Amino acid sequence: MSHFMQPELSRSSRTGLVCGALTLLSIASALVADSARAHGEWHGQIKTFATFPASPGFPEGIAVDGNRVFVSGPATFGTAGRGPSKIFVHDRDSKVLKGTITVAGEALGAEHALSCIAVDGQGRVYALSTQLGLLRFTKTGHGYVQETYGAPLPDLPACVAAAPGEACSPTPFEVPPLPNDIVFDEEGYAYVTDSFQATIFRYAPGGGAPQIWFQSQALSGGGPLPFGANGIRLDPLREHVYVSVTFSLSDPSLGSIYRLPLVDAPEEADLERVHDYTAGEAPDGFAFGKSGKLYVTLAAANAISVLDEHGVEETRIESSPGDEMPLDAPANVAFNDSAKMLLIVNHALLSGDPDHFGVLRVWVGDKADPLEKPWLP
């Protein structure tokens, strides 16, 4: 009876097998850790990226450009008699405050606010001012030079009282404009939501006067805080514009994510509902991940809702008792791609707690679907 003899392994072969086993173990451990973090099982995963000063307070806008993170505010009411609006510039990796952009020219004795921001291909920052319109800031030396890029949104009459052929708002009564969020397409058009006038405006490349791009009563807000059209982004294929409605006019407990085809003149019939939030949770800003997932801030639920590519909610990111700063009316999100982190602007609009003004970070194992940053005149 013959026997098959096992050859003796050399020392180098044994060492190679051990090293290979350790490498596989290391990879497996990393995958387990990634899986745990992705499912919200990583203890203390929500951390503070940066605080936001009580003056101006109420941060809302966020944009990431290279290693710079821009955060803007205040986005609130009751600002008459308070200081100017500002944009704070942080280092993406060290989190250190690198500079402050102070808005010039606001009539500080009247209501003034700065909502959301965007960045172009030259690294210039665009900010929506309720008073001054669409502003542009260009880095020059150690500071930023401010200019007016686009005129303020027009105050439209309600269509029920407008003259035939007059530009109007499909809201049931007249309300002032409230510019909220902004996104660029690859051709350089800037799309801006008007939360009170149920309108999405569009600025042509180079700025100037805003033009009505789409209107619908479905974008009207209802309830004591009648925020309708709110966040806005393009989908990863650049085929649709997605927009959130925070409180529906027909049912203020209902908030929705809609989408429209990215064409010059979408029609009412083109508006599609992607997802509904039915418990007064108040969807606000959002961002697409490279994975195709949509990360939606829920301002009233103090959570981030994660939708899959079909608009189905996969999970939620929520605070835990050990968090350094709790989620408090999160308003907008952006990605720190270098760490696969989601950056969350803590607006704290309802609580007004200055200790909650800031930007939080949470590991999601995803990167950004890159926003369009067109080269503009």
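For the structure, see preceding data.
The rules behind these values
Residues numbered from 1 in each chain as written. Predicted model: local features only at pLDDT ≥ 70, side-chain atom pairs only at ≥ 80, totals over all residues. Heavy atoms only, no water. Helix = DSSP H or I, 4+ residues; strand = E, 2+ residues; numbered from the N terminus. Buried < 20%, exposed > 50% of the residue type's maximum accessible area, 1.4 Å probe, protein only. Contact = heavy atoms within 4.5 Å. Areas by Shrake-Rupley, 256 points an atom, 1.4 Å probe, with all protein chains shown as cover. Pairing = 2+ DSSP bridges. Axes fitted to C-alpha atoms, helices over the stretch in contact; angles between N-to-C directions. Phe/Tyr/Trp six-rings, centres within 6.5 Å; stacked < 30°, edge-to-face > 60°. Polar contact = N/O pair within 3.5 Å; in protein donor to acceptor, adjacent residues only side chain to side chain. Disulfide = S-S within 2.5 Å.

S.K.: Can you break down the overall build of the protein residue by residue, with the values?
M.R.: Counting secondary structure elements, the protein contains one helix and 24 strands. Counting over 377 residues, the protein shows a buried share of 50%. Once local pairs closer than 6 in sequence are excluded, the contacts in the protein between residues at least 24 apart make up 51%. Split by element, the accessible area of the protein, about 16,900 Å² in all, is 56% carbon and sulfur.

S.K.: Please set out the sheet that holds strand 24 (residues 358–363) residue by residue, giving values where relevant.
M.R.: Pairing within the open sheet is antiparallel, and its four strands lie in the order 1-24-23-22. Unpaired on one side and paired on the other, strand 1 (47–51) and strand 22 (330–336) mark the two borders of the sheet. Between one strand axis and the next, the sheet turns by 25° as a mean value, whatever way the strands run. As judged from the six bridges shared by strand 22 and strand 23 (residues 341–346), these two strands associate in the antiparallel manner. When the bridges of strand 23 are listed, Asn 332 appears paired with Val 345.

S.K.: Explain the packing of aromatic side chains to me, using residue names and the numbers behind them.
M.R.: Summed over the entire model, instances satisfying the criterion amount to 10 aromatic pairs. Residues Phe 77 and Phe 227 carry aromatic rings whose centres are separated by 6.4 Å and whose planes lie at 35° to one another, so their mutual orientation is tilted. Placement of the pair is Phe 77 in the loop between strand 3 (68–73) and strand 4 (86–91) and Phe 227 in the loop between strand 13 (211–215) and strand 14 (229–234), with a sequence separation of 150 residues. Judged by its relative accessible area of 47%, Phe 77 is partly exposed. Judged by its relative accessible area of 12%, Phe 227 falls in the buried class. Note on Phe 196 and Phe 227: the rings are 5.7 Å apart at their centroids and 45° apart in plane angle, and the pair reads as tilted.

S.K.: Give me the lowdown on the environment of Gly 123, citing residues and values where you can.
M.R.: Here Gly 123 is to be found in the loop between strand 6 (114–119) and strand 7 (125–129). Taking the relative accessible area as the measure of exposure, Gly 123 reaches 9% and is therefore buried. Taking the C-alpha atoms as reference, Gly 123 lies 6.9 Å from Asp 65; in sequence the two are 58 residues apart. Every residue in contact with Gly 123, bar those within four places of it in the chain, is listed here: Asp 65 and Arg 68.

S.K.: Tell me about the sheet that holds strand 3, and please be specific about residues and values.
M.R.: Strand order in the open sheet formed by four strands is 2-3-4-5, and the pairing between neighbours is antiparallel. Whereas interior strands pair on both sides, the edge strands pair on one side only; in this sheet they are strand 2 (61–65) and strand 5 (97–102). Strand-to-strand twist in this sheet, taken as the mean axis angle between neighbours without regard to direction, amounts to 20°. Judged from the five bridges that link them, strand 2 and strand 3 form a sheet pairing that is antiparallel. Its bridge partner being in strand 3, Val 64 is matched across the sheet by Val 69.

S.K.: Explain the side chain of Asp 65 to me, using residue names and the numbers behind them.
M.R.: Within the secondary structure, Asp 65 sits in strand 2. Looking at Asp 65, its side chain comes within polar contact range of the side chain of Arg 68, at 2.9 Å. Separated by 3.1 Å, the side chains of Asp 65 and Lys 373 make a polar contact. Those residues in contact with Asp 65 that sit more than four places away from it in its chain are Phe 70, Val 119, Gly 123 and Lys 373.

S.K.: Can you lay out the environment of Ser 248 for me, pointing to particular residues and giving the numbers?
M.R.: By the element assignment, Ser 248 lies in the loop between strand 15 (240–245) and strand 16 (255–261). Look at Ser 248 and you get buried, because its relative accessible area is 11%. As for Ser 248 and Gly 228, which are separated by 20 residues in sequence, their C-alpha atoms are 6.5 Å apart.

S.K.: For the state of the cysteines, give the residues involved together with the corresponding values.
M.R.: Within this structure, the stated rule accounts for one disulfide. Sulfur-sulfur distance for the disulfide between Cys 159 and Cys 168 comes to 2.0 Å. Handedness here is read from the sign of the S-S torsion; for Cys 159 and Cys 168, about 90°, the answer is right-handed. Given a relative accessible area of 14%, Cys 168 falls into the buried group.

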